[in-house]
Amino acid sequence: MNSEPVIDVQDLRKTYKSGLFVRRRVEALRGVSLSVGRGEIFGLLGPNGAGKTTLIKVLLGIVRRSAGGASLMGRPAGERAGRQRVGYLPEGHRISPHHTGNTALEYYGSLSGLAVGEIKRRRPALLELVGLADWGQARVTQYSKGMLQRLGLAQALLHDPDLLMLDEPTDGVDPVGRSEMRTLLKRLKGEGKTIFINSHLLQEIELVCDRVAILVQGRVERIGRVQELTVQSAIDVTWVLSGDESDIRTVLALDPATPLLVPAPNQVQVSTAMDDQAGIDRAVDALRGRGVSIVALSRARRTLEEAFLETVRRNEVGTLVT
Amino acid sequence: MRAYLAIIKDSFREALSSRVLWILLVLSTLVLAAVAPIGIKEQAGARFGPNEIIDARGLLDKIKQQQAAAPPSPGKQIWPLLDAEFRNRISEPPSAASPWQGAVYNRLDGELNHVLGSRELYDAAAWADVPLPDEARLLIDRGVERLADDELWRLNRLLLEAAYPDHITRSRTPSVLVTYLWFHPIDPLTVPKKALIDNSINAFVWFFVGVVGVFAGVLVTASIIPQTYTAGAIDLLLSKPISRSLLFLSKYLGGCMFILINAGYLVVGLWLIAGLRWGQWSNKLLISIPVFLFVFAIYYAVSALAGAIWRNAIVCVVMTVLLWAACFVVGQAKVGLDAFLSVTQQLAKLIPAGNDLVAANEMGQVLKWQPDEQKWSEIFTSGEPSQPMMVGMVGPMIGPVYDGEHQRLLAVPSASGQFGVQSDALQVAARDDGWMRKDGVAAPAGTAALFVTPRHATLAVTPRGIFRLDGDAAARTEQIKVLGFNLPVASRGSKFVAAGPSLRLNAPLSAAIDPANGDLALFDSSDLIVLRPNAKGRYEERAKRAVEGNLAGIVSTAGGTVLLGRADGRITVFEGPESNPTNELRPEGNSAPRSIEASADGKFFAVVFHNRKLWIYDVAGRRTCQTPITGQGTISAAAFDGNRLLVADHFNRVTKYALPTGEVVERYRPSLGVLQTAYFYALKPIYTVFPKPGEIDNVVTYLLNESDTAPMGNNLNDLRSPRVKIDVWGPIWSNLAFIAVVVGLGCWYTQRKDF
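(A) Expanded view of the sheet that holds strand 12 (residues 268-274) of chain A. Residue and element names in this part refer to chain A. The strand order across the open sheet formed by three strands is 12-11-13, and the pairing between neighbours is antiparallel. Each edge of the open sheet is held by one strand with a lone partner, namely strand 12 and strand 13 (293-300). Adjacent strand axes in the sheet meet at a mean angle of 25°, parallel and antiparallel pairs treated alike. Judged from the seven bridges that link them, strand 11 (residues 235-242) and strand 12 form a sheet pairing that is antiparallel. Bridged to Val240 within strand 12 is Gln269.

In structure tokens, the structure reads:
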């Protein structure tokens, strides 16, 4: 990873103002700071209205920032030269119905500064890459939602950008397509491209992203590698044990009222929260010391979705409290 | 640049994908296919056009006289070919209870044109005593029955001209035969072929491109900008390395492609038809493509701005329709009020009458300036409620002229000039009589000009000669019926008598008198004649020259200098009757002159053009006199009072200038009425800043006709008749400014908006 960030955002703020006579203010971004390094796949998560799309639009200059700083590849965000090296797939993008796949690529490629000859040279391989090889001549009105999404991705890739900004890229794409897209994204990462993904599909993010930021109400609540976000302060351990119930309750410090499941004759199942691995080891030793057989032991790991929901709910509670 | 060309190309592609475009192109093809079989062929003059019957009353009397007599005659041949109801109508002589008036004379053209199509007109015995031209003899020798229709028309016209040379002019206007496949759907037309084609194409293109095409364009392109600015589409575009303003501008220009395709297809098709079928390669027609593109651009600017703001195609159409309605209302209100004020209040003639200032407006009302009340009041009335004449529907009133010796005004009603009626009467209004109008002696038929000579004689000039009033002008002419014919008998012997050679000039005739020596200068579109009175006051021809071009003109003379203004805007100066032109100028381009006045000493000539501008010529310096004259663009009349110049501007204001300094000597300014106030202080400023898409076709008219004025009514060839001033460049600039402002707002909005 190159030391110079491809995306660098510092205390970015955006306030929308509306209403002619009674001015209404909506703070979409409230001091966002993050950076994305070269060759990184970065995921931006957040509930609806969190400011994810606003952040992308500010980075691309579609929306003006109210305060703070943002840069793309070392240039101020929104600068035309910076956009030259960006491929963008907006959420719910709309390609004019008079286009075919080929003419749409010709149009958007020209807007990116490519010569028509160059576009025609790149187009077949690109359509092949996104699975639309046989659909270049067809009007986009005949495309399914997933096909439109693939075409959108093709136009974003057409001018071989250094940075890809994808807003809900797998929206409407079937599981096979999603799998293909993941493969493609990993390949692009391998080519040194930086990818910024904004998605609701947390599983997708978890599978492809190197780092993730969770944006809630215009603020970055959490940011880090996926593994870091899914690490928990206590470890959930599920035990399947065979032995004296009172010994089990004593060693695992279970409340007498805690019911014990009986998955099989002479076996009980119980879940405990352990501070760390040393705690688990001590409990194993103590159980074995009392003659309790350990039939099974499993550690539960938190998913990104759980981490996301926890972050969002915590923020909601915080909002209610304040 | 590549990106913006791509946007324009995309709009072009979007237009091509529109079904409406293809429907319009198919319709255009059908229209062109329907037009292509039309044939337009010019042939030698046959049909009777305006002013070609000089003396309708005399002609009818002669036909009736010949019909009543026994021997074979042209009249005997013509009579049964006239419509029975028309024969009955003219069998009864006009009376006070049943005057013939204009309707009969108007109809005479049509009746004679009907006669032209008859193979029964020619009879050798009837025309035995009539000298026929060689062209007619050749046609007769071929056999009347074997002549083609157009040849028959020509022969019959030649027969009528030969039979009634004093009543009918030689045919000057070639006829145009319009055919459709092998049919002759309409009678030959007496308009120049070029004018017919140009005007037809102009109207055709205006309707199909300017109205249908633009309206369809507004509907089809209304969705282009809203679709571009839809969420999902605009994000994608703005993420590209392009300028927002240029994105809007390119989309706007691209939207104009629609009308370009439509207009281009139809106009080029018409251009090919006009060239290949009618032999007229009107390259200027092709200019109408960008002109109508410009019209569309005005509407589309509003549509595009509305599309950027509201992103709704219906709102775009509604806003465009609102703009059209606003432009229509403002434009019509301005044009209507301008025309109304021009007709009812604009001074068309100024007549210094001793210490009084008299003027005539476009309706023929005569007004006198009341210095105490600072207003114009009507004079020259009979005391009964007057019935103002519709401007343009009749010829200009002959006079009034001021007879200083008798302190009276003289005029001949306009109907005389138009229909060739043997005059109603010379009208006289004396100062002592409170300027009340009275009918006097009968004026000669076809009176084209009335003068009071330096020797105080009253002259009437007609295409057939010069007539001098002998006796009392106010003496009423009586008419008596002899053998069914009306013969004028002036009481106490007062009448107009011939005072010069017999002339064979054509109408419309322009005449002027030299205020110093009484020389007359006459011009009839082809001949310029100067006549000088001898010791007995009888006029003798002093010089005659043929003038090329067959264009109507206005002549003026003073101090031996003759100024001739032509319909194409040329002013030719002759410094002596026999001399060659010493100067030829075109101070107002192609705008035709309406009147030329000369100072009494012959030092200056003042030319009022139909574009309402005044130009002064300095004879001694042979150059334009740089006198500062205010109100240029609104000037409607000028006259010399001695060596002072009177100029009428802003409808009814008059200013008296000293020449050559231009020092204002006196102003005659009536207070503005409600309508004038509304016009000058409300409507005109609004109109000036408002876009004028409806007036862009003025450019097409200007390019086709090469004139910034257009004739009104029937007197197309008479330069004295009022004309509509066409503002060619004003609408261009105001529309350009409008487009710049609206498109600029669109760019600014796109640049500033968070999408």
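(B) Layout of the sheet that holds strand 6 (residues 86-89) of chain A. All names here are of chain A. Within the open sheet, the six strands sit side by side as 6-7-8-3-9-10. Their pairing is mixed. Across the chains shown, the open sheet's two edge strands, defined by having one partner strand only, are strand 6 and strand 10 (219-225). Neighbour-to-neighbour, the strand axes of the sheet open up by a mean angle of 15°, direction not taken into account. Sheet topology places strand 3 (residues 41-45) next to strand 8 (residues 194-198); four bridges connect them, and they run parallel. Of the residues in strand 8, the one forming a bridge with Phe42 is Phe196.

(C) Quick peek at the packing of helix 12 (residues 244-255) of chain B against helix 19 (residues 729-752) of chain B. Residues and elements named next belong to chain B. For the pair helix 12 and helix 19, interaxial distance at closest approach is 8 Å and the crossing angle is 135°. Of the possible angle classes, the one that applies to helix 12 and helix 19 is oblique. Regarding helix 12 and helix 19, the two cross each other, and that crossing is right-handed. Contact residues: Arg244, Ser245, Leu247, Phe248, Leu249 and Tyr252 in helix 12; Val743, Gly746, Cys747, Thr750 and Gln751 in helix 19. Grouping the constituent residues of the contact of helix 12 with helix 19 by class yields six nonpolar, four polar and one charged.

(D) Main features of the pairing of strand 7 (residues 398-403) of chain B. Residue and element names in this part refer to chain B. Of all six residues in strand 7, five are buried, a share of seventy percent or more. Taken together, the four bridges between strand 7 and strand 8 (residues 408-412) define a ladder with antiparallel strand orientation. Bridging across to strand 8, Asp403 finds its partner in Arg408. Here strand 7 hands over to strand 8 after four residues, with Gln407 in that stretch at a positive phi of 50°.

What counts as what
- Residues numbered from 1 in each chain as written.
- Chains lettered and ligands numbered in written order.
- Predicted model: local features only at pLDDT ≥ 70, side-chain atom pairs only at ≥ 80, totals over all residues.
- Pairing = 2+ DSSP bridges.
- Helix = DSSP H or I, 4+ residues; strand = E, 2+ residues; numbered from the N terminus.
- Axes fitted to C-alpha atoms, helices over the stretch in contact; angles between N-to-C directions.
- Parallel < 35°, antiparallel > 145°, perpendicular 65-115°, else oblique.
- Left-handed = near helix turned anticlockwise from the far one by under 90°.
- Contact = placed C-beta atoms within 7 Å.
- Nonpolar A, V, L, I, M, F, W, Y, C, P; charged D, E, K, R; others polar.
- Buried ≥ 20, exposed ≤ 12 C-beta atoms within 10 Å, placed from the backbone.

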